[in-house]
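# Coordinates in review
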Amino acid sequence: MKKPVSGSKAKWPGFHGPNQGYVEELYEMFLQDPDSVDADIREYFEQNSNLQTNESEIRNGSEAAAGKPAGSPAKIAAALRYADYIRSYGHLSANIYPLQGGSKDPQLEDYEKWGLTDADLTDIPVDLVCPSAPSSIRNGKEAFQFLKKVYSDTIAYEFEHVNEMAEKEWLRQKVETGELIPKMDKKRKISLYERLTEVENFEKYLHRTFVGQKRFSIEGLDSMVPLLDEVISGAVNNGVETINIGMAHRGRLNVLAHVLGKPYEMIFAEFQHAPNKELVPSEGSIGINFGWTGDVKYHLGLDRKIKSDTTANARLTLANNPSHLEFAGAVVEGFTRAAQDDRNEPGYAKYDPVKAMAILIHGDAAFPGQGIVAETLNLSRLHGYKTGGTIHVIANNTIGFTTESMDSRSTRYASDLAKGYEIPIIHVNADDPEACLMAARLAFEYRKTFGKDFLIDLIGYRRFGHNEMDEPMTTNPEMYVLVHKHPTVKKIYGNMLVDQGSMSEETRTQIEERVSNRLTEAYEKVPNKEKEVKNEPEIPEVVEMGIPQIETGVPIDVLRKINSDLLEWPEGFNVFNKLEKILKRRKDAFSDNGKIDWGLAETLAYASIIMDGTPVRLTGQDSERGTFAQRNLVLHDSETGKQFSPLHVLPEAKASFSIHNSPLSEAAVVGFEYGYNVFAPETLVLWEAQYGDFANAAQVLFDQFVAAGRAKWGQKSGLVMLLPHGYEGQGPEHSSGRVERFLTLAAENNWTVANLSSAAQYFHILRRQAAILKQEAVRPLVLMTPKSLLRNPTVAADPQQLAEGSFKPIIEQPGLGGQPEKVERVVLCTGKVSIDIAEKIQPEEHGWLHVLRIEEIYPFPLERLKEMLGRYPNLKEIVWVQEEPKNMGAWTFVEPRINEAAPNGLESSYIGRRRRSSPAEGDPNIHKLEQARIVNDALTRTNGGGNGNGRD
């Protein structure tokens, strides 16, 4: 035996990734103790102790190795490169397309292209090629055959983009040992076949019973149901208490029926427009919410309680979704984080990823096509948004509506976007249900082990058109010739089981009859008559009545103590000196003539809310400090960078306060926070835009979820949206929070839209919102918040204003209106422009004028305004003043309401900017001129009719 080489580490040119690490590890073991490695490996090292290979051979790849003796380092290098290639690119030859086989990769199929022969492969030690291979593999050639089978069968893997070596090694070991292969005895095979029969027969029953009705069937991806069964079973048996699913239309009814357990008869009743609320199971294991306007059946969600040996009461949720397919994903992530957080103690909410898990089912055209997907994926590893790993499933029909893959994405696979986030990817043939179970098991175990996302690309087809009324042969004839000839997975799998002897034809027939009978029996339970058609949906009385009057003041002594506690920092904590001086000034807020600015009023509100036992969660771009340096609720030690929040150590706090800077995303973050609030309704959840107009990028969430979720689905929310708004000469992109868009969506008391002019009002409206969270009257709150006014003394509040009273929908201008008979003009305005006007008012000169600030624009305070306008017997003018262009802001919304409130047939007139296509001027000097004109017109007496700038 040759003496082992000692000293410096041997070089292994040509090896990379896991193979290089593995060979080096074996060689180190060999150097320490030759008997510690297997005999064939030991023999190889003994024969090749000088492992220096010519650099040119390595550079030239497999061709350079041709002609070298078997077992030489060059041959070993070529063989291991070949093994790496199989692992990395086996998917290129995989049998993952049900309609037609994929092309074969010559580099994978022909080992001679790597300069290798049968003899070379046979001589390679098995453990060098595939250390995790089953014991039945006897030599290197069989090891390569085994690898090709593993990596290019009906399930294919893409792991190379995962940079963490431990994860990559774990994945490779799981795949190559075969331990993920499900133990499929006859009983389980038959059970799987019965599941596929339930899936297929349900769709066929709908197809022939409700002819021509849309259902967006699962057919072609039937294996998705047993795949979900496997993931959910693994999760529940490992202690997951809540599983939240988000998916679009395709296959939704089938998932509702078979995964969520929605009774067939309820689904049939929805097709038949028959009464169905009485068909909800009496044991209450299924929870279904109903809005008053409702939604189509393939948008609806459902809650279900499930039991297992290890989880007494697990919750399974399928989220409601609109036709904006992928936006529900962010909402489901918010559901999941809410289920994982414990908010019962001070400090940040305690995060436990084991408590809940998200499953997101995507469309193959939507996953690469909709930007919300990337935004949501980006949340997966962020401190304030991670959910311990989401399992993604692409329901891959290989077509989007009528658009084939070549026209819908620029990538080879629909899943390629996920590579940028280092998410492991499995491609699996939907016609192999056992492979689908294997994919599901790997996905869950990876999530459990590493707490990261995993993606299954379930590749099938779509048996009908985009919906069942669509004829796909008109646009995709070649594909649908193949579809029409292709047997269903139920038939394929059933034939296989019969051929194997795992199932008899008699059993197949019995299963068919059993499933068909269940469908028929369910249909017979559905009432024959259609639901009575009403003239219009009825809004629940509690919603129609609005928010009750709530006293939100906090005793002055309590506020004073809170303020003092908030200025106590840990010993040795170094606050940045300039910031420390600013914060220390707050000590004077409760002294004689002290004032509370906007930022302090907000902090006092949050502190008092968590003292009342209501958790708070605030997120947004730069929300910890505040875009305008107004908040500073997370302090950073100027020497160590260590963070500290005074709200986390408030002595009387009874609930958590979580504040997180968000990624540069609006849509995904708004969706997440909406979902968080829906799932944790006792929590005051606030999202803050960096500037109000940035909310533009989340418009789908406002339209489809926040504004309409309760009417469509009965989904209550108390989400708060903080949108910095105000015209200060900062141009069109940093001026408007687009209040007009929220007012356009305002109806049926669906939310509150407010534009405040007082720090005290902000304090009270936040406390009011916290107070209604657990009430039926709860609704979202849209707040236009200030920028330049944050430190304006006119906006600051006396401490007593926080200690007493409540939020007021209308505020009167101090110093005016004291002599009602003299008032000839009433100016109505909202937000920042009311402060611009207030700063120019001289009460001794403006006795003929009164100014009313409309703080709550929706619900509009009609009765209160009627009462106030009725005080002035000599009123000649009612003027609405705004700084936004006439076609923006609140004017279009308030005009008819002001006219309804006006006495003696008066009609309101308008003062403000003319109609514009852009929200604001780009030149600050022009802005100043326009702003001055608006304020001057508001305060200038006329002969009636107003100074309204009504130009188009």
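Sequence positions are assigned chain by chain, starting from 1 and proceeding in written order. Side-chain atom pairs in this predicted model are given and counted only at pLDDT of 80 or more, local residue features only at pLDDT of at least 70, and totals for whole chains, interfaces and linings cover all residues. With hydrogens and water set aside, each side-chain value is computed from the structure's full complement of heavy atoms.

Heads up, the rule is: UniProt positions are given in the numbering used here, feature names are shortened, and annotations may be inferred rather than shown by experiment.
An unreviewed UniProt entry lists the chain under the name 2-oxoglutarate dehydrogenase E1 component, with Mesobacillus selenatarsenatis given as the organism. As its UniProt record puts it under Subunit (unreviewed entry), the chain is described as follows: "Homodimer. Part of the 2-oxoglutarate dehydrogenase (OGDH) complex composed of E1 (2-oxoglutarate dehydrogenase), E2 (dihydrolipoamide succinyltransferase) and E3 (dihydrolipoamide dehydrogenase); the complex contains multiple copies of the three enzymatic components (E1, E2 and E3)." Quoted verbatim from the Catalytic activity (unreviewed entry) heading of the UniProt record, the comment on the chain is "N(6)-[(R)-lipoyl]-L-lysyl-[protein] + 2-oxoglutarate + H(+) = N(6)-[(R)-S(8)-succinyldihydrolipoyl]-L-lysyl-[protein] + CO2".

## Brief notes about the overall build of the chain
Stated formally: Helical segments are the DSSP runs of H or I of at least four residues, strand segments are the runs of E of at least two, and each set is numbered from the N terminus. Burial classes: relative accessible area under 20% of the type maximum marks a residue as buried, over 50% as exposed, and values in between as partly exposed (1.4 Å probe, protein chains only). The criterion used for residue contact is that any of the two residues' heavy atoms lie within 4.5 Å. What sets the accessible areas is the Shrake-Rupley method with a 1.4 Å probe; for residues, cover comes only from the shown protein chains.
Regarding its fold elements, the chain presents 36 helices and 27 strands. Projecting the C-alpha coordinates of the chain onto the three principal axes gives extents of approximately 110 × 80 × 50 Å. Among the 952 residues that make up the chain, the fraction classed as buried is 60%. A sequence separation of at least 24 residues applies to 79% of the contacts in the chain between residues at least 6 apart. For the chain, the accessible area works out to roughly 38,200 Å², and carbon and sulfur atoms hold 48% of it.

## Observations concerning the UniProt feature "domain: Transketolase-like pyrimidine-binding" (unreviewed entry) in the chain
Here the UniProt feature "domain: Transketolase-like pyrimidine-binding" (unreviewed entry) sits at residues 596-792. Between the C-alpha atoms that bound residues 596-792 the distance is 11 Å, and the span itself is 30% helix and 17% strand.

## A look at helix 26 (residues 598-611)
Threshold: What a helix should span is 1.5 Å times the count of its residues minus one.
For helix 26, which comprises 14 residues, the first-to-last C-alpha distance of 20 Å matches the rise-based estimate of 20 Å (1.5 Å per residue) to within 8%. For helix 26, a buried count of 14 out of 14 residues is recorded, marking the element as mostly surrounded by other parts of the structure. Once helix 26 ends, the next one or two residues include Gly-613, with phi positive near 95 degrees.

## Focus on the pairing of strand 1 (residues 155-158)
Where we set the bar: Between any two strands, pairing holds if DSSP finds at least two bridges.
Of the two faces of strand 1, the one holding Ile-155 and Tyr-157 and the one holding Ala-156 and Glu-158 are both buried throughout. In this sheet, strand 12 (residues 425-429) lies alongside strand 1 in antiparallel orientation, the contact comprising four bridges. By the bridge assignment for strand 12, Tyr-157 is matched with Ile-426.

## Overview of helix 20 (residues 477-485)
Selection rule: An arc is given here, and it is the one of the directions from the helix axis to the C-beta atoms.
The complete set of buried residues in helix 20 reads Met-479, Tyr-480 and Val-483. Considered in projection along helix 20, the buried side chains sweep an arc of 85 degrees and stay on one side of the axis. Away from the buried face of helix 20 by more than 90 degrees, exposed residues Glu-478, His-484 and Lys-485 are located. On its buried side, helix 20 packs onto strand 10 (399-400) and strand 11 (403-404).

## Notes on the pattern of salt bridges
Counted only if it meets this: Here, a salt bridge means any Lys or Arg side-chain nitrogen found within 4 Å of an Asp or Glu carboxyl oxygen.
Overall, the coordinates contain 56 salt bridges when judged by the stated rule. A salt bridge links Arg-941 to Glu-824, with the nearest nitrogen and oxygen atoms 3.0 Å apart. Taken together, the residues Arg-941 in the segment after helix 36 (924-939) and Glu-824 in the loop between strand 22 (810-812) and strand 23 (825-829) connect sequence positions 117 residues apart. Overall, the relative accessible area of 45% leaves Arg-941 in the partly exposed class. Across the pair Arg-933 and Glu-930 runs a salt bridge, and its minimum N-O distance is 3.1 Å. In this pair, Arg-933 and Glu-930 are both assigned in helix 36, three residues apart and thus about one turn of the helix distant. Looking at Arg-933, the relative accessible area reads 22%, which means it is partly exposed. Overall, Glu-930 belongs to the buried group, its relative accessible area being 14%.

## A few points about the nonpolar core
Keep this limit in mind: What we call a nonpolar core is a set of buried Ala, Val, Leu, Ile, Met, Phe, Trp, Tyr and Cys residues that are connected through their side-chain atoms within 4.5 Å.
Core analysis: the biggest nonpolar cluster contains 111 residues, and Tyr-157, Ile-243, Ile-245, Phe-268 and Leu-442 have the highest contact counts within it. Among the elements that take part in this core, helix 19 (residues 433-450) stands out by supplying ten residues, more than any other. If near-sequence neighbours (up to four positions away) are discounted, Phe-268 is found in contact with Phe-202, Tyr-205, Leu-206, Phe-210, Leu-519, Ala-522, Tyr-523 and Val-526. If you look at the next biggest cluster of nonpolar residues, it comprises 83 residues, including Leu-360, Tyr-385, Ala-667 and Phe-705.

## Digging into the sheet that holds strand 17 (residues 657-661)
Defined as follows: To obtain each axis, a line is fitted to C-alpha atoms, and for helices this fit is confined to the stretch in contact; angles are then taken between N-to-C directions over 0 to 180 degrees.
Pairing within the open sheet is mixed, and its seven strands lie in the order 17-14-18-19-21-20-25. Of all strands in the sheet, those bounded by a partner on one side alone are strand 17 and strand 25 (856-858). Recorded for the sheet is a direction-independent mean angle of 20 degrees between the axes of neighbouring strands. In this structure, strand 19 (residues 720-724) lies alongside strand 21 (residues 781-785), joined through five bridges in parallel fashion. Residue pairing for strand 21: Leu-723 is matched across the bridge by Met-784. Its contacts with the sheet put helix 26 on strand 14 (616-620), strand 17, strand 18 (684-688), strand 19 and strand 21, and the angle it makes with strand 14 is roughly 140 degrees.

## Some points on the pairing of strand 19
It is a general feature of regular strands that their side chains alternate between the two faces of the sheet. Judged by how many residues are buried, strand 19 sits mostly within the fold: five of five residues are covered. Note that strand 18 and strand 19 share three bridges and pair parallel. Its bridge partner lying in strand 19, Leu-686 is registered against Val-720.

## Remarks on the confidence of the model for the chain
Convention followed: Per residue, pLDDT measures the predictor's confidence, with a range of 0 to 100.
Scored by pLDDT, the chain has a mean of 89; 91% of the residues are at 70 or more. Ignoring residues within four places in sequence, the model shows residues 1-14, a span with pLDDT below 50, making 30 contacts including any to other chains. The model gives residues 50-70 a pLDDT under 50, and that stretch makes 37 contacts with residues more than four places away or in other chains.

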